[in-house]
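Architecture and fold: a report
Given next are the chains, with one letter for each unit.
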Amino acid sequence: MWSGRSSFTSLVVGVFVVYVVHTCWVMYGIVYTRPCSGDANCIQPYLARRPKLQLSVYTTTRSHLGAENNIDLVLNVEDFDVESKFERTVNVSVPKKTRNNGTLYAYIFLHHAGVLPWHDGKQVHLVSPLTTYMVPKPEEINLLTGESDTQIEAEKKPTSALDEPVSHWRPRLALNVMADNFVFDGSSLPADVHRYMKMIQLGKTVHYLPILFIDQLSNRVKDLMVINRSTTELPLTVSYDKVSLGRLRFWIHMQDAVYSLQQFGFSEKDADEVKGIFVDTNLYFLALTFFVAAFHLLFDFLAFKNDISFWKKKKSMIGMSTKAVLWRCFSTVVIFLFLLDEQTSLLVLVPAGVGAAIELWKVKKALKMTIFWRGLMPEFQFGTYSESERKTEEYDTQAMKYLSYLLYPLCVGGAVYSLLNIKYKSWYSWLINSFVNGVYAFGFLFMLPQLFVNYKAFNTFIDDVFAFIITMPTSHRLACFRDDVVFLVYLYQRWLYPVDKRRVNEFGESYEEKATRAPHTD
């Protein structure tokens, strides 16, 4: 049995290592592109000719631009320098169609200076929606007075309308141009960059025009603004920075990955959590993020596997407290409901849901074992099992008694304070927040015996880094450090009470005697 479990764990770890190595190899293939080595079949950069360029940004309600009519010029950068970084904020006029839950698009042109974009045969352009559809975030109010921070038009709408997606404004437009004078090999063009390239023939040489790119990862849900019918103008921050070929290819793959998540049913908010990993970070930090997330997934899986294996083998509750099992189940379910109410990222929500399901299964098994030994086999009630279990229950009851003197007043006081001073979406939201604050505050007291079970020692530090990388509620992020407090206490106890190797065990032997005892001679 042990060898079977060990083999399964080794198989999982082996697959994990292969996956990490394969991912590293794929990432290397993305950031490194082999340049053209000869003169034949090479594609030269048009930017190497140093043309005078101009950047123009237009807005329109049409997804396909047929003519220069019905478009508004919102930004015009003459003498555009590919190497110069800038950021400008402009006010965009919002058409009536967009205010009535419509869409507005931005057309970005990079063309020769002094020539209109639709008259320039060497222009490049991209289209990006400046709006997106989302269900508005529920308004938080004071549950006693009904007051809110803002009075929005949603109050006048029926309740059913509040659950319908409405148009939101994207206040940022991040532009990039690949500034490397890289010579591509026409026979092995990377597919990811190829769809952004526009080639022209100049004499006998093929050139590719400037590669324009829109960084969609910088559009975050927290920055979105609801478009009301009374809104006539909205701010738009247009930023530009050059980008290297390796970073451009990496960004294209990341945007494609986020788009794939949305196609698989991930909401805009879930995809936004993935975006947050890549925004404003360098490639080294992204690599660290990947390894931390991968190890977090591995240790979560091993912890779940070990927990299930341990409980499947148990035949009785000797040495274990039923109350502690019930408390862990209650706290895990409360945390899961809290994360669900806060609409937390699936990267955090799914493991919490799996953990809650396992805890419910453990409670069911613990109750069955208790009923079996105490009900169906009463002769064990006065034996060794009953005495061991009775002492365990006595210690647990005594600990809970003293803990309740501090636990209940703080939980009740915190709940009343939050009700008076903090705004919530509903009474359920206030109730689940009150419960979870009590669980987070005192849950670490129940973690002491199980600190180093189920790979907890390794997972503790992985959780710490994961808490800063993935977006989650602040209280849940702080709760990740409960293990560290217990671990530090454990290290202090190990230093304060070292192992006494001279102590005699139940067989009358000590560690030092075993080490110095001479072997038997036959």
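Refer to the preceding data block for the structure.
Predicted, not measured: the structure shown is a model, and the values here were computed from it.

Further remarks concern the overall build of the protein chain. Counting its regular elements, the protein chain contains 14 helices and 15 strands. Counting over 522 residues, the protein chain shows a buried share of 42%. Long-range pairs, those at least 24 residues apart, make up 78% of the contacts in the protein chain between residues at least 6 apart in sequence. Accessible surface, the protein chain: about 30300 Å² in total, of which carbon and sulfur atoms supply 60%.

Turning our eyes to something else, we now look at helix H7 (residues 322-341). Between its terminal C-alpha atoms H7 stretches 29 Å, which fits the 28 Å expected from 20 residues at 1.5 Å a residue. Among all positions in H7, only Thr 322, Ala 324, Val 325, Trp 327, Arg 328, Cys 329, Ser 331, Val 334, Ile 335, Phe 338, Leu 339 and Asp 341 are buried. Phi for Gln 343, located one or two positions after H7, is positive at around 55°.

By the secondary structure assignment, Arg 99 is in helix H2 (residues 96-99). One polar contact links the side chain of Arg 99 to the main-chain carbonyl oxygen of Val 94, over a distance of 2.7 Å. Apart from residues lying up to four places away in sequence, Arg 99 is in contact with Val 94, Ile 227, Asn 228, Arg 229, Thr 231 and Thr 232.

Moving on: helix H4 (residues 245-263). Relative to the 27 Å expected for 19 residues at 1.5 Å per residue, H4 spans 27 Å between its end C-alpha atoms, a close match to the ideal helical length. Listed as buried for H4 are Leu 245, Gly 246, Leu 248, Arg 249, Phe 250, Trp 251, Ile 252, Met 254, Gln 255 and Val 258. Following H4 by one or two positions, Gly 265 adopts a phi angle in the positive range, close to 110°.

This part is about the packing of aromatic side chains. Evaluation of the coordinates by the stated rule reveals 13 aromatic pairs. Plain terms: the ring middles of Phe 80 and Tyr 240 are 4.9 Å apart, the flat faces sit at 70° to each other, and that makes the pair edge-to-face. With Phe 80 in strand S3 (residues 72-80) and Tyr 240 in strand S15 (residues 233-243), this pair connects stretches of sequence that are 160 residues apart. Judged by relative accessible area, which is 7%, Phe 80 ranks as buried. With relative accessibility at 2%, the residue Tyr 240 sits in the buried group.

Below, the discussion takes up the sheet that holds strand S12 (residues 205-208). What the four strands build is an open sheet, ordered S10-S1-S12-S11; its pairing is mixed. The open sheet is flanked by strand S10 (184-185) and strand S11 (199-202), the only strands paired with a single partner. Judged from the four bridges that link them, S11 and S12 form a sheet pairing that is antiparallel. Opposite Ile 200, over in S12, you have His 207 as the bridge partner.

The next point concerns the sheet that holds S3. The sheet built from four strands is open, its strands ordered S3-S2-S5-S6 with antiparallel pairing. Of all strands in the sheet, those with a lone pairing partner are S3 and strand S6 (124-129), marking the two edges. On average, adjacent strands in this sheet sit at an angle of 15° to one another, irrespective of strand direction. Where strand S2 (residues 53-60) lies against S3, six bridges are found, and the strand directions are antiparallel. Across the sheet, residue Ser 56 finds its bridge partner in S3, namely Asn 76.

What follows covers the pattern of salt bridges. Under the counting rule described, the total for this entry stands at six salt bridges. Note that Arg 249 is salt-bridged to Asp 192, the shortest N-O span being 3.1 Å. Highlighted residues: Arg 249 in helix H4 and Asp 192 in helix H3 (residues 191-194), separated in sequence by 57 residues. Of the two residues, Arg 249 and Asp 192, neither departs from the other in class, the shared state being buried. In this structure, the salt-bridge partner of Asp 256 is Arg 195, at a minimum N-O distance of 2.8 Å. With a gap of 61 residues between them, Asp 256 in helix H4 and Arg 195 in the loop between H3 and S11 connect regions that are remote in the sequence. Its relative accessible area of 32% is what places Asp 256 among the partly exposed residues.

Calculation criteria
Within every chain, residues take consecutive numbers counted from 1 along the sequence as written. In view of the model being predicted, local features appear only for residues whose pLDDT reaches at least 70, and side-chain atom pairs are presented and counted only at 80 or more, with totals across whole chains, interfaces and linings using the full set of residues. With hydrogens and water excluded, all non-hydrogen atoms of the structure serve as input to the side-chain values. Secondary structure follows DSSP: runs of H or I at least 4 residues long count as helices, runs of E at least 2 residues long count as strands, and numbering of each begins at the N terminus. Exposure categories follow from relative accessible area, calculated using a 1.4 Å probe and restricted to protein chains: below 20% of the type maximum is buried, above 50% is exposed, and the middle band is partly exposed. Contact criterion: two residues are considered in contact whenever any of their non-hydrogen atoms come within 4.5 Å of each other. Only the protein chains shown count as cover for residues, and the accessible areas themselves come from Shrake-Rupley with a 1.4 Å probe. One less than the number of residues in a helix, times 1.5 Å, gives the span that helix is expected to have. Within 3.5 Å is the distance limit for a polar contact, defined as a pair of N or O atoms, with the added protein rule that one can donate a hydrogen and the other accept it, and that residues adjacent in sequence qualify only through two side-chain atoms. Each Phe, Tyr or Trp ring (for Trp, its six-membered ring) is paired with any other whose centre lies within 6.5 Å, and the angle between the two planes then decides the class: stacked below 30 degrees, edge-to-face above 60, tilted in between. Only strands that DSSP links by at least two bridges are regarded as paired with each other. Axes here mean lines fitted to C-alpha atoms, for a helix over just the part in contact, with angles spanning 0 to 180 degrees between N-to-C directions. The salt bridge criterion pairs a side-chain nitrogen of Lys or Arg with a carboxyl oxygen of Asp or Glu, the two atoms within 4 Å.

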